[in-house]
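# An overview of the molecular structure
What follows is the residue order along each chain.
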Amino acid sequence: HLHRFLTDDICDPRLRDVISKNVATMMLSSNWHDFLAKLDRVLPPMNETLQLPFQSKDEDDSGEGL
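Residues numbered from 1 in each chain as written. Predicted model: local features only at pLDDT ≥ 70, side-chain atom pairs only at ≥ 80, totals over all residues. Heavy atoms only, no water.

## Brief notes about the environment of L28
Secondary-structure assignment places L28 in helix 1 (residues 13–28). C-alpha separation for the pair L28 and K38, spaced 10 residues apart in sequence, amounts to 8.8 Å. (Helix = DSSP H or I, 4+ residues; strand = E, 2+ residues; numbered from the N terminus.)

What follows is the structure, encoded as structure tokens:
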């Protein structure tokens, strides 16, 4: 119901920013899981540990180091 506060004379710019980022992320996403992954990058959730996108070049890497 917060969108009701977006009028020409009274508006919270942070809310307008969040809504526009959500809409842009929806338009760029191909499915729900893709949208959630992109949304976590654009608007990370507060007080939650984020996943780091580690990609291993070598699939046989055991992660033990040298």
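## A short note on the environment of V42
Topologically, V42 is positioned in helix 2 (residues 32–42). For V42 and K21, which are 21 residues apart along the polypeptide, the C-alpha to C-alpha distance reads 7.4 Å.

## Observations concerning the packing of aromatic side chains
Within the structure shown, the criterion is met by 1 aromatic pair. Ring geometry for W32 and F35: centres 5.5 Å apart, planes at 40°, overall tilted. Linking W32 with F35, this pair stays in helix 2, spanning 3 residues, or about one helical turn. Looking at F35, the relative accessible area reads 10%, which means it is buried. (Phe/Tyr/Trp six-rings, centres within 6.5 Å; stacked < 30°, edge-to-face > 60°. Buried < 20%, exposed > 50% of the residue type's maximum accessible area, 1.4 Å probe, protein only.)

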